[in-house]
Amino acid sequence: MLILPLPARPDWSHPPIATLTIMALCLIAFLMQGSDYQRSETAWRFYQQSGIGKLEMTAYQADLERTGQTEKLATMRRKAANSAEALRMMEADGDFMQRLRNNRVITPASPDYPAWRGNRNHYEGLRQRVVTERYSLSSLDFRPVTLLTHMFLHGGIMHLAGNMAVLFVVGYTVEAALGPLGFLALYLLGGLGSALPDVLMPASELRLSLGASGAISAVMAAYLVLFGRRRIDFFYWLIFVFGTVRWPALAILPVWLANELLQNFVFDRGGHVNYMAHFAGLLSGALLVGIYRWRRQGRSAEIVHRQDNDLAIAALLKQAEEQVAELKFGLAALSYRKLFAEHVVPDGQIPLEYRRIARLARQPELLED
């Protein structure tokens, strides 16, 4: 289920600075990732031409045979013709790669060691230039800086576009409630929370975690907690069945949490989506904003009141438009009068429309108003 945008457009006289800044940083990071393919190709060519590929593949097959991993060995031999696949399989073996890097596979006693060690260091230096690999959260090579950087990287243009669309839809509303600094803190802390499953339960094989979706999950949960029991609009779909529903905001949180667990353990086991990061992000965002509402009771209700105001304005405008369509200009003018009497109306075109309808109604008191 997706949160539908609020009926009012963002107030561009007070733009969502933190939301737009995060979006800009994600775009800059994505542009920096743009040359990763060429960087990877450069590293791969060196790996082949320097001779370390043949040496390491031979050592890996011997290690699999020595440790009795017959199934892996058979797979490795099938992939030997495609050395790129064989390399990926070897690098996904965390235990072997750790021993290889620590000189416990090709040892200093080996006559090939000096040349191999120099070439291996150079190859790893080339791989370090690949932005995606260096700054993603890795299950086999954890570095503290990646706890921050992974939430600004993306795996492709559609990955980036989808995340930025969702971030903006909920981001400008949550930022209006928390303020720019509060929203930035929510995004960063939520992103850190979303990384906890990868840190506490690292995969035994190579897996890179990247993307803003964990931090955005925290923002989405914050949106739900801010509105609490108030009803808000959601878009739902189930295969070919879809539509909109208006539910209490908090009722959606357990639905989202359950969906992430079902996807991870039942429907998409072994998939490429990091559902546990989404799950942890949702929990982190809900907890953070729950504490915020408890510490600042009443202050966070302002954004909820603003949505109620927007909905009431939209309803009166729709009523006036229907009355105009039926040529009931007097009733339409009264609807506009009620609109201005009860609400703060930001759109400068609405007063002009009120004046036009009041003239058509031929009622001097309305025109005077």
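Residues take numbers from 1 onward in each chain, read along the sequence in its written order. Selection of residues for local features in this predicted model requires a pLDDT of at least 70, selection of side-chain atom pairs for listing and counting requires 80 or more, and totals for whole chains, interfaces and linings are taken over all residues. By convention in this description, side-chain values take in all heavy atoms of the structure and omit both hydrogens and water.

Colleague: Could you give an account of the overall build of the protein, with specific residues and numbers?
Modeller: Put simply, DSSP H or I for four residues or longer makes a helix, DSSP E for two residues or longer makes a strand, and each gets a number counted from the N terminus. Assigned secondary structure in the protein consists of 18 helices and five strands. Relative to its length of 369 residues, the protein is extended, with a C-alpha radius of gyration of 28 Å against a globular reference of 21 Å. Viewed in the frame of its principal axes, the protein has a C-alpha envelope of about 105 × 45 × 35 Å. Taking all 369 residues of the protein together, the buried fraction comes to 41%. In this setup the radius of gyration rests on C-alpha atoms only. A globule is expected at 2.2 Å times the number of residues raised to 0.38. Between buried and exposed lies partly exposed: a residue is buried under 20% and exposed over 50% of the maximum accessible area for its type, with that area taken using a 1.4 Å probe on protein chains only.

Colleague: For the nonpolar core, give the residues involved together with the corresponding values.
Modeller: The nonpolar core is taken to be a set of buried Ala, Val, Leu, Ile, Met, Phe, Trp, Tyr and Cys residues, with the residues joined through side-chain atoms within 4.5 Å. Ranked by size, the top nonpolar core spans 44 residues in total, and within it Cys26, Val174, Tyr187 and Leu224 carry the most contacts. Those elements that provide at least two residues to this core are α1 (17-32), α10 (157-194), α12 (213-227), β4 (231-238), α13 (249-267) and α14 (275-295). In terms of residue count, the dominant contributor to this core is α12 (11 residues). Core analysis: the second largest hydrophobic core is formed by 22 residues, Tyr60, Leu87, Met90 and Tyr113 among them.

Colleague: Let's hear about the packing of aromatic side chains: which residues, and what values?
Modeller: The pairing test for Phe, Tyr and Trp rings, Trp by its six-membered ring, is centres within 6.5 Å, and the orientation test on the planes gives stacked under 30 degrees, edge-to-face over 60, and tilted for anything in between. Taken as a whole, this structure holds eight aromatic pairs when the rule is applied. Considering the side-chain rings of Tyr113 and Trp116, the 6.0 Å spacing of their centres and the 45 degrees angle between planes classify their relative orientation as tilted. With a gap of three residues between them, Tyr113 and Trp116 both fall in helix α7 (residues 113-128), about one helical turn apart. On the numbers, 5.9 Å between centres and 45 degrees between planes, the contact of Phe152 with Tyr187 is tilted. In this pair, Phe152 sits in the loop between α9 (146-149) and α10 while Tyr187 sits in helix α10, placing the two residues 35 residues apart along the sequence. Of the two residues, Phe152 and Tyr187, both sit in the buried class. In textbook terms, an aromatic cluster arises when at least three aromatic residues are bridged by ring pairs, as seen for Trp44, Tyr47 and Tyr123.

Colleague: Would you mind going over the packing of α12 against α13 in detail, with residue names and values included?
Modeller: For helices, the fitted axis covers only the stretch in contact; all axes are lines through C-alpha atoms, and the angles between them, taken along N-to-C directions, range from 0 to 180 degrees. Contact pair α12 / α13: the axes reach a minimum separation of 7 Å and the direction vectors enclose 145 degrees. Counting all contacts with α12, which are made through Met220, Ala221, Leu224, Val225 and Phe227, the residues of α13 involved are Ala249, Leu250, Ile252, Leu253 and Trp256. The nonpolar class holds Ala, Val, Leu, Ile, Met, Phe, Trp, Tyr, Cys and Pro. Asp, Glu, Lys and Arg form the charged class, and all remaining residues, Gly among them, are polar. Its residues assigned to classes, the contact of α12 with α13 comprises 10 nonpolar, no polar and no charged. In what follows, a contact means two residues having at least one pair of non-hydrogen atoms within 4.5 Å.

Colleague: Talk me through the pairing of β4; I want residue IDs and the actual numbers.
Modeller: Strand pairing is assigned whenever DSSP identifies at least 2 bridges connecting the two strands. Bridge count between β4 and strand β5 (residues 241-248): eight bridges; the pairing is antiparallel. Within β5, the position partnered with Tyr236 by the bridge is Gly243. Counted between consecutive antiparallel strands, the loop separating β4 from β5 contains two residues, among which Ile239 sits at a positive phi close to 60 degrees.

Colleague: Could you give me a rundown of the pattern of salt bridges, with the residues and numbers involved?
Modeller: Whenever a carboxyl oxygen of Asp or Glu lies within 4 Å of a side-chain nitrogen of Lys or Arg, that contact is scored as a salt bridge. This model, assessed by the stated rule, comprises 13 salt bridges. Residues Glu124 and Arg120 are paired through a salt bridge, measuring 3.1 Å at the closest nitrogen-oxygen approach. Of this pair, Glu124 and Arg120 both sit in helix α7, separated by four residues, roughly a single helical turn. Take Arg120: its relative accessible area is 1%, and that puts it in the buried class. Salt bridges sharing partners connect three or more residues here, namely Glu56, Arg101, Arg120 and Glu124.

Colleague: Any chance you could break down α1 for me, citing the residues and the numbers?
Modeller: Because an α-helix completes one turn every 3.6 residues, residues spaced three or four positions apart along the sequence face the same direction. Residue count minus one, scaled by 1.5 Å, sets the expected span of a helix. Taking 1.5 Å of rise per residue, the 16 residues of α1 would be expected to cover 22 Å, and the 22 Å separating its terminal C-alpha atoms lies within 8% of that figure. Within α1, the full set of buried residues consists of Ala18, Thr19, Ile22, Cys26 and Ala29. The buried residues of α1 all sit within an arc of 105 degrees when viewed along its axis, so they share a single face. Those residues of α1 that are exposed and angled more than 90 degrees off the buried face are Ile17 and Leu31. Turning to α1, the residues buried within the fold contact α10. For this quantity, the arc is that covered by the directions from the helix axis to the C-beta atoms.

Colleague: Break down unusual backbone geometry for me, citing the residues and quoting the values.
Modeller: Unlike most non-glycine residues, Asn103 shows phi in positive territory, near 65 degrees. In this fold, Asn103 is placed in the loop between α6 (94-101) and α7.

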